[in-house]
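Listed below are the residues making up each chain.
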Amino acid sequence: MTYKEKIDTGRLPAHIAVIMDGNGRWAKRKGNQRIFGHKNGVNAVRETVEAAAETGIRYLTLYAFSTENWKRPQREVDALMSLLVSSLHDETPTLMKNNIRLMTIGHTGGLSDHVGRQLNMTIAKTAGNTGLKLILALNYSGRWEILRAIDLIKADMEAGKPQEALTEDIFAGYLQTRDIPDPELLIRTSGEFRISNFLLWQIAYTELYFTPVLWPDFKKEDFYQAIVDFQQRERRFGKTSEQLHQYEQSQNQ
Ligand code: IPE
Ligand code: IPE
Ligand code: MG
């Protein structure tokens, strides 16, 4: 039985987030330069987006470039940016064909005009699509997003907007993910066990899944395996296991 067949389609996560990691090590192992790994990482993006669309996942967030990634050698940053532009350009027809809408989170205003133009083009073109929402995290960091939210709240207060007591829901409404449910599942490839400043607020109760597979090797079945693993977990949200089963029993009566 494949992992795809093992998925319970009635209990899919609405939102899966992915930290795509391991391109550089993949290339090195093959005796190549890191950029070769990024080029091959594009195939894994294609696999993952297709797998998510085929399964009926509603939101897929991919961590493509962190605010910390600017610290890499300029040549690598340039290569990542031009790969982003060429992939968006080449894949826009496929996004249209599959009814996928592209969105972004992160400080996209800090990207070059060249990247910004291509992003705006693909975002505008796919804006009416009603299938999978593909969210690219670009020039993103969780702390940046939280500070930005605080700035927006300050600005609203200074503008005299009626003040309510700040609740989690109101705060979440100032994040870039305001219209997006929190991810139920976060996948990180390449065997690193860290969050690297991704979606810090949103992953408060997310199930974390770590795989040693390096990103360019990540295939649809790896994605499905993560979903199957997720579906075997008990999400207790602070309650006891017994309480959850009591609830199920009362639902079945
Ligand atoms: C992920 O692969 C791609 C980005 C962070 C943009 P890496 O480039 O981080 O690969 P490793 O971790 O060095 O192997
Ligand atoms: C996280 O990967 C960022 C992206 C996947 C875009 P990194 O490879 O940059 O993470 P660290 O620096 O090893 O934590
Ligand atoms: Mg890395």
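It should be noted that the structure appears before, not after, this text.
These notes cover the structure that comes with them. Computed from a predicted structure; not experimentally measured.

Conventions adopted
Residues numbered from 1 in each chain as written. Chains lettered and ligands numbered in written order. Predicted model: local features only at pLDDT ≥ 70, side-chain atom pairs only at ≥ 80, totals over all residues. Heavy atoms only, no water. Helix = DSSP H or I, 4+ residues; strand = E, 2+ residues; numbered from the N terminus. Expected span 1.5 Å × (residues − 1). Buried < 20%, exposed > 50% of the residue type's maximum accessible area, 1.4 Å probe, protein only. Arc of directions from axis to C-beta. Contact = heavy atoms within 4.5 Å. Salt bridge = Lys/Arg side-chain N within 4 Å of Asp/Glu carboxyl O. Axes fitted to C-alpha atoms, helices over the stretch in contact; angles between N-to-C directions. Parallel < 35°, antiparallel > 145°, perpendicular 65-115°, else oblique. Left-handed = near helix turned anticlockwise from the far one by under 90°. Nonpolar A, V, L, I, M, F, W, Y, C, P; charged D, E, K, R; others polar. Pairing = 2+ DSSP bridges.

**Describing helix H6 (residues 142-158)**
Working step 1: With 17 residues, H6 extends 25 Å from end C-alpha to end C-alpha; this agrees with the ideal 24 Å at 1.5 Å per step.
Working step 2: Taken as a whole, H6 has its buried residues at Gly142, Glu145, Ala149 and Ile153. All buried residues of H6 fall inside an arc of 80 degrees around its axis, so they share one side. Facing away from the buried side of H6 by over 90 degrees, the exposed positions are Arg143, Leu147 and Glu158.
Working step 3: Summarising the contacts, the buried residues of H6 are in contact with strand E4 (133-140) and helix H7 (168-172).
Working step 4: Two residues or fewer after H6 comes Gly160, characterised by a positive phi angle close to 80 degrees.

**Describing the pattern of salt bridges**
When the charged atoms of two side chains with opposite charge come close together, those side chains can pair.
Working step 1: Counted under the stated rule, the structure contains 17 salt bridges.
Working step 2: Notably, a salt bridge pairs Lys4 with Glu54, separated by 3.5 Å at the nearest N-O pair. Of the two residues, Lys4 is situated in helix H1 (residues 3-6) and Glu54 in helix H3 (residues 34-55); the sequence distance between them amounts to 50 residues.
Working step 3: A salt bridge links Arg233 to Glu207; the shortest N-O distance between them is 3.1 Å. Of the two residues, Arg233 sits in the loop between helix H8 (220-231) and helix H9 (241-252) while Glu207 sits in strand E6 (residues 207-210), which places them 26 residues apart along the sequence.

**Quick word on the packing of helix H4 (residues 74-97) against helix H5 (residues 113-126)**
Working step 1: The interhelical angle for the contact between H4 and H5, taken along N-to-C directions, is 15 degrees, at an axis separation of 9 Å. When the axes of H4 and H5 are compared, the pair comes out roughly parallel. Between H4 and H5 lies a crossing whose hand is left-handed. In this structure, H4 contributes Met81, Leu84, Val85, Leu88, His89, Thr92, Leu95 and Met96 to the contact, and H5 contributes His114, Val115, Gln118, Leu119, Thr122, Lys125 and Thr126.
Working step 2: When the residues that make up the contact of H4 with H5 are grouped by side-chain class, the tally is eight nonpolar, six polar and one charged.

**Some remarks on the sheet that holds strand E1 (residues 15-19)**
Working step 1: Spatially, the six strands line up as an open sheet ordered E3-E4-E2-E1-E5-E6, and their pairing is parallel. Edge positions in the sheet fall to strand E3 (101-105) and E6, since each has one partner strand and no second. For this sheet the average axis-to-axis angle between neighbouring strands, irrespective of direction, equals 20 degrees.
Working step 2: Here five bridges tie E1 to strand E2 (residues 59-66), and the two strands are oriented parallel to one another. Residue Ile19 lies in a different strand from E2, and its bridge partner there is Tyr63.
Working step 3: Contacts from H3 reach E2 and E4, with the element oriented near 160 degrees to E2.

Function cannot be inferred from these measures alone, as they are strictly geometric.
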